[in-house]
Amino acid sequence: MRLVRVSLSACLVVGGLLMIQVAPGDDIADRAKKLHFSSIVLDTHDDTTQRFFSKSFDIGKRNPDGHIDIPRMREGGMNAIFFSIWIDGRTMGPPAVEKALDQIDAVHENVNKYSKDLVLCRTAEEVRHAHAQGKIAALIGVEGGHMIGNDIRVLRMFGDLGVRYMTLTHFYNDEWADSSTATPEHNGLTDFGKNIVREMNRQGIMVDISHVSDKTFYDALEVSKAPLMASHSSCRALCNHVRDMSDDMIKALAAKGGVIQINYEKSFIDQAYKDAQDKLSGGVVAMMDQLKKECGDNEECLNKKMTEMTDKATAEGKLPHVSWERIIDHIDHAVKLVGADHVGLGSDFDGANMPEGMEDCTHLPRITEALMRKGYSEDDIRKILGGNLLRVMEQTERVSREMQSAQ
Amino acid sequence: MSAARCNPRNERMKPGIMSKARLQAGMCLLTGMVLAGTMVAVTKADRVTERAKQLHFSSIVVDTHDDTTQRFLDREFDLGARNALGSIDIPRMKAGGLGAIFFSIWIPSKITGPEAVKRGRAQIDAVREQVQKHSADLVLVSTADGIREAHNQGKIAALMGIEGGHLIASDLGVLRVYAALGARYMTLTHSGNAEWADSSTAKPVHHGLTQFGKDVVREMNRLGMIVDISHVSDKTFADVLEISKAPVFASHSDCRAICDAPRNMSDDMIGALAARGGVIQINYHVGFLSQEFRNAEKAHPEWDKAIAMEVQNRCRDREGCQLIEGDRITREYVLRGDLPRVEWTKIIEHIDHAVKVAGIDHVGLGSDFDGANMPFGMEDATKLPQITNALLERGYSEGDVRKILGENTLRLMAEVERISRELNAGN
């Protein structure tokens with residue numbers, strides 16, 4: 001029932017927007033639709049991988065819950081997706097490696113199972129080729145350096161298996177890097193952590209600085225020969241959360257050619273919501289810990305419970321409503337700060353609380369239309385939808401080739 | 001001066017698998033003899049005609065079994081330099097016209113579970129790093145077309161084979177990861193039984209393949225990995241033939257009709273393999289080539305124990321060291337001349353026998369370089385053109401020689417790939 005109610009309210013919101021903004025024959029709506037469905041729409045962070053382990057989930061069918069499946073990706077024009085490999089940051093060593101490999105295998109197997117719709121891609125060129133063939137490009141990101149088990153060979157193996165970015169930490173510090181949501185113990189990156197960044201450069205694996213502490217970010221920025229990306233972070237200027245980036249950080253990232261991929265999580269995009277949630281549950285890590293008592297490491301369960309909990313709190317008036325338009329505010333803030341070449345999309349679908357009006361990936365065309373109504377050029381919108389990230393991938397690939405040929 | 005060496009990798013140090021180890025010891029004795037340097041003039045058989053050279057160096061020469069991987073773990077070994085020891089490095093592969101090489105991922109059968117997987121992965125990483133380091137000469141490929149493209153570009157195609165089902169730790173996910181990392185075949189067992197398949201050199205416990213073992217074969221078919229039946233028991237072989245939807249191969253085995261070792265294949269087995277489109281890749285190991293050698297070596301099990309102990313003393317578990325020291329120690333035995341000398345032409349006898357039994361489309365090369373003891377005149381990859389020369393001398397057509405040098409293996413690979421696509425399309 002909860003889901004029915006949510007989608008009903010979503011429909012009302014959509015309906016309202018349609019009446020106000022999308023009058024029949026509206027030229028902008030038509031142009032936006034055409035632009036959206038001809039663009040490469042690339043999302044750098046989706047936790048759908050966790051659902052592959054659930055018997056009730058089938059990515060090939062339309063699911064009543066969650067945010068991502070092939071029919072809904074088609075409907076929302078989302079044609080490039082980074083499946084996130086994630087385990088709790090407190091699981092380390094060999095078990096972390098094994099679990100990560102199980103998830104990589106699950107992504108491979110699902111791509112193989114739905115090879116008519118999905119194709120595993122490793123390069124920007126392959127993503128473009130997939131798009132030209134009408135397929136959805138599937139890519140892989142490892143969300144947390146703890147999963148390499150402190151072994152650089154495991155990092156290389158991940159790269160060989162198709163992993164195209166690694167987030168240096170998750171919620172907890174790993175053996176060689178500090179997280180933004182834990183007490184610092186390494187003062188950023190250790191020497192080994194710096195070697196990890198260099199090896200990622202050599203392997204052509206993008207360095208993802210979402211989740212890391214500010215010091216880790218600046219260390220990575222200094223060490224990395226390739227531009228960095230924040231796979232799923234928003235702007236602190238609009239919502240002062242440690243998981244987001246300050247204007248100074250965004251500027252430094254952009255100055256080195258990087259890109260911030262805006263996260264849709266309510267508590268990262270809306271200050272009022274974040275404040276209320278902090279009061280209610282003590283912040284995102286504390287909330288996740290609470291839920292883990294019920295769900296263990298089952299992230300599908302965690303997401304379901306988290307959504308249930310926050311929806312209930314919102315219905316009871318303990319948490320404010322957050323509109324999808326906050327996503328546009330964050331994109332616009334970042335663009336105003338560093339230009340249209342350094343902003344992209346990193347939804348956190350299937351791993352976070354979505355704002356109203358962005359209940360799943362079918363709603364993505366709204367972003368294109370909203371940017372167009374703000375006066376963004378078609379070129380700029382294409383960059384934000386995916387072009388910028390593809391540029392960072394290409395630069396990362398180039399740096400990798402250079403480093404390898406210099407050996 | 002290429003040198004032969006004794007390779008201790010077939011578990012010579014492991015008590016209880018001494019029959020296998022003894023083979024190795026004997027082998028070492030032989031190679032030592034060669035080294036002892038009885039300076040032998042180049043015989044007629046060692047000369048390679050211009051026609052043979054032309055044919056050899058324009059063909060795709062594929063070798064499906066090389067244990068050079070073990071040497072990658074030794075910091076002192078440089079694949080890019082011409083090495084005094086061992087059989088394989090880039091300069092010698094080029095000199096011998098070796099166009100495609102399967103680097104073997106191997107650990108002893110007694111290592112199982114997560115440790116086996118960890119070490120398997122470390123070796124795959126080592127191969128991939130070597131290929132990357134020497135990318136001007138080597139390119140990692142995973143298909144028959146990939147080998148052809150490498151050949152056209154003048155590069156050596158590097159591939160990987162997993163030698164022993166124990167390396168997957170009874171987990172199909174691990175098998176898939178190996179495949180995704182580029183492993184193109186898996187030998188179902190090594191010298192000991194796997195958890196789900198019997199070996200030819202251990203006491204049978206599964207009566208061939210278990211149900212899970214059959215699932216492994218089916219998954220290999222789906223993944224496009226060649227099922228390798230070298231090392232497995234006759235019953236495991238029969239089970240595989242029944243289950244596999246794709247043709248299978250023996251990556252490094254010889255003919256029992258000439259040398260009656262359990263590691264070799266009977267004429268019936270070779271016939272059955274060929275009838276299903278498979279290929280027997282001839283092994284150059286003297287203990288599998290020569291009955292005379294095998295008999296002499298069996299008569300002196302005590303030599304093996306002594307050598308094993310000395311290797312253990314000098315090397316502990318350092319594979320690179322074991323390769324070198326095992327050889328060095330056995331040279332002393334060889335000087336005594338206790339074992340018969342096996343000529344490289346024995347390889348030709350096995351090829352010719354297999355061709356007579358199975359037909360020209362079902363025989364290839366699986367040297368076991370760097371993992372076995374080579375016969376006199378086949379100390380390393382530079383000697384490979386002699387095989388082409390000898391086959392031409394025997395009256396094989398140029399087309400037939402090309403098949404044996406690599407085309408049969410390439411056909412098998414392409415067929416395995418086709419069946420994989422079919423099975424995946426049936427999802």
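The paragraphs below set out a description of the structure included in this document. (Residues numbered from 1 in each chain as written. Chains lettered and ligands numbered in written order. Predicted model: local features only at pLDDT ≥ 70, side-chain atom pairs only at ≥ 80, totals over all residues.)

This paragraph deals with the overall build of chain A. Along chain A, the regular secondary structure elements total 16 helices and 9 strands. Projected onto its principal axes, the C-alpha coordinates of chain A cover approximately 60 × 45 × 45 Å. In chain A, which comprises 407 residues, the proportion classed as buried is 53%. Here the analysis covers contacts within chain A between residues at least 6 apart in sequence; of these, 75% occur between residues at least 24 apart. (Helix = DSSP H or I, 4+ residues; strand = E, 2+ residues; numbered from the N terminus. Buried ≥ 20, exposed ≤ 12 C-beta atoms within 10 Å, placed from the backbone. Contact = placed C-beta atoms within 7 Å.)

With that settled, the discussion passes to the packing of helix 14 (residues 325–338) of chain A against helix 15 (residues 365–373) of chain A. Residue and element names in this part refer to chain A. For the pair helix 14 and helix 15, interaxial distance at closest approach is 10 Å and the crossing angle is 55°. As summarised for this structure, helix 14 and helix 15 are arranged oblique, according to the angle between their axes. Considering only the axes of helix 14 and helix 15, their crossing is right-handed. For the pair helix 14 and helix 15, contact is made by E325, I327, I328 and I331 and by I367, A370 and L371, respectively. Looking at the contact of helix 14 with helix 15, its residues break down into 6 nonpolar, no polar and 1 charged. (Axes fitted to C-alpha atoms, helices over the stretch in contact; angles between N-to-C directions. Parallel < 35°, antiparallel > 145°, perpendicular 65-115°, else oblique. Left-handed = near helix turned anticlockwise from the far one by under 90°. Nonpolar A, V, L, I, M, F, W, Y, C, P; charged D, E, K, R; others polar.)

A separate point is the nonpolar core. Grouped together as the largest cluster of nonpolar side chains are 214 residues, with contacts concentrated most on A138(A), A158(B), I280(B) and A354(B). The residues contacting A138(A), other than those within four sequence positions of it, are I81(A), F83(A), V107(A), V111(A), L118(A), V119(A), L120(A) and C121(A). Core analysis: the next-biggest nonpolar cluster, separate from the first, contains 5 residues, V284(A), M287(A), L291(A) and L302(A) among them. (Core = buried A, V, L, I, M, F, W, Y, C linked by C-beta atoms within 7 Å.)

Let us now look at the interface of chain A and chain B. Taken together, the contact pairs 15 residues of chain A with 15 residues of chain B. Within the residue set of the side of chain A that touches chain B, elements represented by two or more residues are helix 4 (93–113) and helix 6 (152–160) of chain A. Per element, the largest residue contribution to the side of chain A that touches chain B is 7 residues, and it comes from helix 4 of chain A. For the side of chain A that touches chain B, the per-class residue count stands at 4 nonpolar, 5 polar and 6 charged.

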